[in-house]
Amino acid sequence: DYVTRQARWVDFDNDYKTLDLSYMESVMWAFKTLWDKGLVYEGFKVLAYCWRCETPLSNTETRMDDVYHDRQDPALTVGFELVDEPGTSLLAWTTTPWTLPANLALAVNPDVTYVTVEHDGRRLVLAEALLANYAAELGDDPAVVERRPGSELVGKRYQPLFDYFVDAAQHGTAEAFQVIAADFVSVDDGTGIVHMAPGFGEDDQNACNAVGIPTIVPMDARGRYTELVADWAGEQVFDANPGVIRWLKEHRNVLRHETYDHSYPHCWRCA
């Protein structure tokens, strides 16, 4: 009565409802038909996720009012040493250090100019347009020893920060730990080089999968590292941030450690 009174044009004589058995059975028939034709496959899609409810959030849910909240997170600028240029490291900035154990690639913009500067006996690579942002660490006028477009960095291999996924036979990572091209890489902030963890970012996943790098998710349904990240297995990933940062400072080249106001989508059921 209500729908009719609102002048919505619905054929109630031949309608269907999702709770009807005939509807459910038609959906199962359609799915089985797709299965029989070999058109059904299992894959991964990166979505916002609530580890308390253990469910992803749909795009509609993340567009609800008051879903995004700011939280202060640590941010790191880390060096990834090139295999064919020992002593030269690509600098990547991340506001999610907890994703670094799952790093599988670095992304650059092929059309951006990158510079190599000398610092404390090492050579560091970042976008020329962002060099001044690191004056506190590199000095006001660092020695630039090389300029090259991002296209010349694409394909270069680097030493993984962690060894969790270096076994290509076990993890399918033969194409991982290389520099890939991505047009979403900008010089608005950071270093112009983006750390890629395909299990934790939609852009990361799409760009990595396109070059044969798999989606690896070393996190369980409660937001805790699995045994794939042995050093912090069982820890909630945000709680593991201090340990990951401490390890990187002890073993790798951390150029900058700062804090960052990060806007995260929160589950509307839990916020």
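What comes next is a walk through the structure. (Residues numbered from 1 in each chain as written. Predicted model: local features only at pLDDT ≥ 70, side-chain atom pairs only at ≥ 80, totals over all residues. Heavy atoms only, no water.)

### Focus: the side chain of Thr88
Mapped onto the secondary structure, Thr88 falls in strand E4 (residues 88–94). Leaving out residues up to four positions away in the same chain, Thr88 has contacts with Phe80, Glu81, Leu82, Arg123, Val125 and Arg148. (Helix = DSSP H or I, 4+ residues; strand = E, 2+ residues; numbered from the N terminus. Contact = heavy atoms within 4.5 Å.)

### A few points about empty space enclosed by the protein
Using the criterion set out here, one finds one cavity of 30 Å³ or more in the structure. The volume enclosed by the largest cavity comes to roughly 50 Å³. Along the walls of the largest cavity sit Leu100, Pro101, Asn103, Pro160, Leu161, Phe162, Tyr164, Phe165 and Phe177, which together make up its complete lining. (1 Å grid on protein atoms, 1.4 Å probe; cavity = no way out; pocket = protein on both sides within 12 Å on 5 of 7 lines; lining within 4 Å. Points joined across faces, edges and corners; volume = space filled by probe spheres on them.)

### What to know about the side chain of Thr173
Inspection of the secondary structure assignment puts Thr173 in the loop between helix H5 (168–171) and strand E9 (178–181). Residue classification places Thr173 among the buried positions, given a relative accessible area of 4%. Leave out the neighbours within four places in its chain, and Thr173 touches Leu104, Phe165, Val166, Asp167, Ala168, Pro214 and Ile216. (Buried < 20%, exposed > 50% of the residue type's maximum accessible area, 1.4 Å probe, protein only.)

### Observations concerning the environment of Gly223
Looking at the secondary structure, you find Gly223 in the loop between helix H6 (202–210) and helix H7 (241–251). For Gly223, a relative accessible area of 0% gives the class buried. Expressed as a C-alpha distance, the spacing of Gly223 and Glu54, which sit 169 residues apart in the sequence, is 8.6 Å. Not counting residues up to four positions away in its chain, the partners in contact with Gly223 are Trp51, Glu235, Gln236 and Val237.

### Quick notes on a nonpolar patch on the surface
On the surface, Leu19, Leu21, Met24 and Met28 cluster together to form a nonpolar patch covering roughly 450 Å² of accessible area. Since its relative accessible area comes to 62%, Leu19 is described here as exposed. (Patch = residues over 30% accessible without salt bridge, like charges linked within 9 Å, V, L, I, M, F, W, Y side chains within 5 Å. Areas by Shrake-Rupley, 256 points an atom, 1.4 Å probe, with all protein chains shown as cover. Salt bridge = Lys/Arg side-chain N within 4 Å of Asp/Glu carboxyl O.)

### What to know about H6
Taken as a whole, H6 has its buried residues at Asp204, Gln205, Ala207 and Cys208. Tucked into the core, H6 has its buried residues touching strand E5 (105–108), E9 and strand E10 (193–196). Directly after H6, the chain includes Gly212, whose backbone phi takes a positive value near 90°.

### Notes on the state of the cysteines
This model, assessed by the stated rule, comprises zero disulfides. No disulfide involves Cys53; its sulfur sits 3.6 Å from that of Cys50, the nearest cysteine. Using a relative accessible area of 25% as the deciding quantity, one classes Cys53 as partly exposed. (Disulfide = S-S within 2.5 Å.)

### Overview of the sheet that holds strand E7 (residues 122–127)
One open sheet accounts for six strands, arranged E8-E6-E7-E4-E3-E11; its pairing is mixed. In the strand order of this sheet, the two ends are held by strand E8 (144–149) and strand E11 (254–265), each with one partner. Here the average twist between neighbouring strands, direction ignored, is 25°. (Pairing = 2+ DSSP bridges. Axes fitted to C-alpha atoms, helices over the stretch in contact; angles between N-to-C directions.)

### Brief notes about the sheet that holds E5
Reading across from one edge, E9-E5-E10 is the order of the three strands in this open sheet, with mixed pairing throughout. The open sheet is flanked by E9 and E10, the only strands paired with a single partner. On average, adjacent strands in this sheet sit at an angle of 35° to one another, irrespective of strand direction. Pairing of E5 with E9, which is carried by four bridges, proceeds in the parallel orientation. Bridging from a neighbouring strand, Ala107 pairs with Ile180 of E9. Set on the sheet, H6 makes contact with E5, E9 and E10; between it and E10 the angle comes to about 85°.

### Topic: the packing of aromatic side chains
Counted under the stated rule, the structure contains 12 aromatic pairs. Geometrically, the ring pair formed by Phe162 and Tyr164 is stacked, given 5.5 Å between the ring centres and 10° between the ring planes. Phe162 gets classed as buried once you look at its relative accessible area, which sits at 7%. Taking relative accessible area as the criterion, Tyr164 reaches 12% and is therefore assigned buried. Among the aromatic side chains, those forming a connected cluster through ring pairs are Trp51, Trp98, Phe200, Phe238 and Tyr264. (Phe/Tyr/Trp six-rings, centres within 6.5 Å; stacked < 30°, edge-to-face > 60°.)

### Digging into the environment of Pro101
Considering the arrangement of structural elements, one finds Pro101 in the loop between E4 and E5. A residue is classified by how much of its surface remains accessible, and Pro101, at 3% relative accessible area, is buried. For Pro101 and Tyr158, which are 57 residues apart along the polypeptide, the C-alpha to C-alpha distance reads 15 Å. With residues up to four places along the chain from it excluded, the contact list for Pro101 reads Phe162, Tyr164, Phe165, Tyr225, Val229, Trp232 and Val244.

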